[in-house]
Amino acid sequence: MKKLRPLVLALPLLAAAPADDLVARAARIHREAIVVDTHEDVPDALAEKPADVAVRGATKHFDIPRAREGGLTAPFFAVYVPASHADGGAARVALDRIDMVQNVVAAHPADLTPALSVTDIRRAKREGKIAVLMGIEGGHAIEDSLGALRDFHRLGVRYMTLTHTNSNHWADSSGNFFAPRFEPGSYRVHHGLSGFGRAVVREMNRVGMMVDVSHVSDETIDDALEASRAPVFASHSSCRALAGLPRNLTDDQIRRIGAGGGVVMINVSSVFLDQGRVDAARDALDALQEPAERIRRQYPDDPKRAAAEINKLIEALPPRPSVPFTKVVDHIEHVMKVAGPDAVGLGTDFDGIPDPPAGLEDVSKLPRITEELLRRGHSEPEVRKVLGENFLRFFARVEEVSRSLAAEAPATDVLK
Ligand SMILES: [Zn+2]
């Protein structure tokens, strides 16, 4: 036994190698930082399969124990309204989802707290709680009503993607790339924002709702940047230069969003991160064109049934393989290179994506991002910016613009 002792004593010395210094430093920085994730589809996952978020495994990518392990301070739960509700009950779907989020938060007061502002997020961090915020996904949720937009803000919604994968009555979408036939031209209804769409953006500025350009078309981004009186952001989009999806942002868009004080929040879906995955997805979907046509001919008078059947084909495709999580950091660094270190953050899209990267399988793995940023030589302040401070600076600016417009009367525009 005695002979073994020097060996045992030597072990802690080995453990203090530089790599572990980095892990320990990353853990400390991550623990102290405010960590914001601007897009998680937790409500959608819970609507599909009800569960208690206090229980591990509640949804695929989120629950309170894993959020704690991941050091998550402030997730935005997406109030997602599927395009199928665009002309029937979209606002009601949004209201139901908002009610659900509020019930989930109220059921766990020791862990979760509702948050509406930058101040609320910082307070939650001090109190050791997780601040839950809400963003609407799909501008059709307001049913073309500025009154409904204001009501959603009163209920606590703090951002809205101007579209989902559907063009609505006032804004064009980048469309649904993940369909057997993807025709970008078919989504070009207004060539960007219509006059009413611009009024929506201006009213969002007035009430203090963040303008989100994730999912919208390139022309809509141009118009949103021009119409908005506050900086705009992308809540869950990555870089098109690295993965050529129309849902990702071009370098020019990233530059303009950043120059205006906005942020690009990186989506961690493997297909959003890697050109090989984009090409493979396109090939697999193209192969479904003929079977999809057959289904359409089979249900000529029932487009909803046809869409559901086509969806089954898409869901039956083999799972898309994951890419290494370090690709997420490639995208973060790309935004830094293009628009500077103040223009980037995290909008994982957890629970909305089937293919998170290997090593970033759910919210518990977020500290990996911190480790990788440090490993690549980024400073502590830079890491804290990526994790949350960039977003908080942007959000604070949106709040400031809203305050500066306090004397402006509520807009009365109606869609003609
Ligand atoms: Zn989305």
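Relevant structure appears above.
Cut-offs used in this document
- Residues numbered from 1 in each chain as written.
- Predicted model: local features only at pLDDT ≥ 70, side-chain atom pairs only at ≥ 80, totals over all residues.
- Heavy atoms only, no water.
- Donors = N, O, S within 2.8 Å, 3.2 Å for Na, K, Ca; no water.
- Helix = DSSP H or I, 4+ residues; strand = E, 2+ residues; numbered from the N terminus.
- Buried < 20%, exposed > 50% of the residue type's maximum accessible area, 1.4 Å probe, protein only.
- Salt bridge = Lys/Arg side-chain N within 4 Å of Asp/Glu carboxyl O.
- Axes fitted to C-alpha atoms, helices over the stretch in contact; angles between N-to-C directions.
- Parallel < 35°, antiparallel > 145°, perpendicular 65-115°, else oblique.
- Left-handed = near helix turned anticlockwise from the far one by under 90°.
- Contact = heavy atoms within 4.5 Å.

### Observations regarding the coordination of the zinc ion
Argument step 1. Here the zinc ion is held by E137 (OE), H215 (NE2) and H236 (NE2), and the distances to it run 2.0 to 2.2 Å.
Argument step 2. Considered as a linear motif, the donors of the zinc ion on their single chain read E-x77-H-x20-H. Separated by 78 residues along the polypeptide, E137 in strand β4 (residues 130-137) and H215 in the loop between β6 (210-212) and α9 (218-227) bring together distant segments of the chain. Residue E137 shares its accessibility class with H215, and that shared class is buried.

### Focus: the pattern of salt bridges
Argument step 1. If you walk through the whole model with that rule in mind, you get 38 salt bridges.
Argument step 2. In this structure, the salt-bridge partner of R68 is D111, at a minimum N-O distance of 2.8 Å. Of this pair, R68 sits in helix α4 (residues 64-69) while D111 sits in the loop between α5 (90-106) and β3 (112-114), and the two are 43 residues apart along the sequence.
Argument step 3. Judged by relative accessible area, R68 falls into the partly exposed class, the value being 35%.

### Details of unusual backbone geometry
Argument step 1. The residue E143 is not glycine, and still its phi comes out positive at about 45°.
Argument step 2. Topologically, E143 is positioned in the loop between β4 and α7 (146-154).
Argument step 3. A residue is classified by how much of its surface remains accessible, and E143, at 42% relative accessible area, is partly exposed.
Argument step 4. Unlike most non-glycine residues, D349 shows phi in positive territory, near 75°.
Argument step 5. Following the sequence through the fold, D349 ends up in the loop between β8 (344-346) and α16 (367-375).

### Regarding the packing of helix α2 (residues 18-32) against α16
Argument step 1. Contact geometry of α2 with α16 gives a least axis separation of 9 Å together with a crossing angle of 125°. When the axis of α2 is compared with that of α16, the two are oblique. Crossing of α2 against α16: the hand is right-handed. Taken together, the residues of α16 that come into contact with α2 (itself represented by L22, V23, R25, A26, I29 and H30) are P367, T370, E371, L374 and R375.

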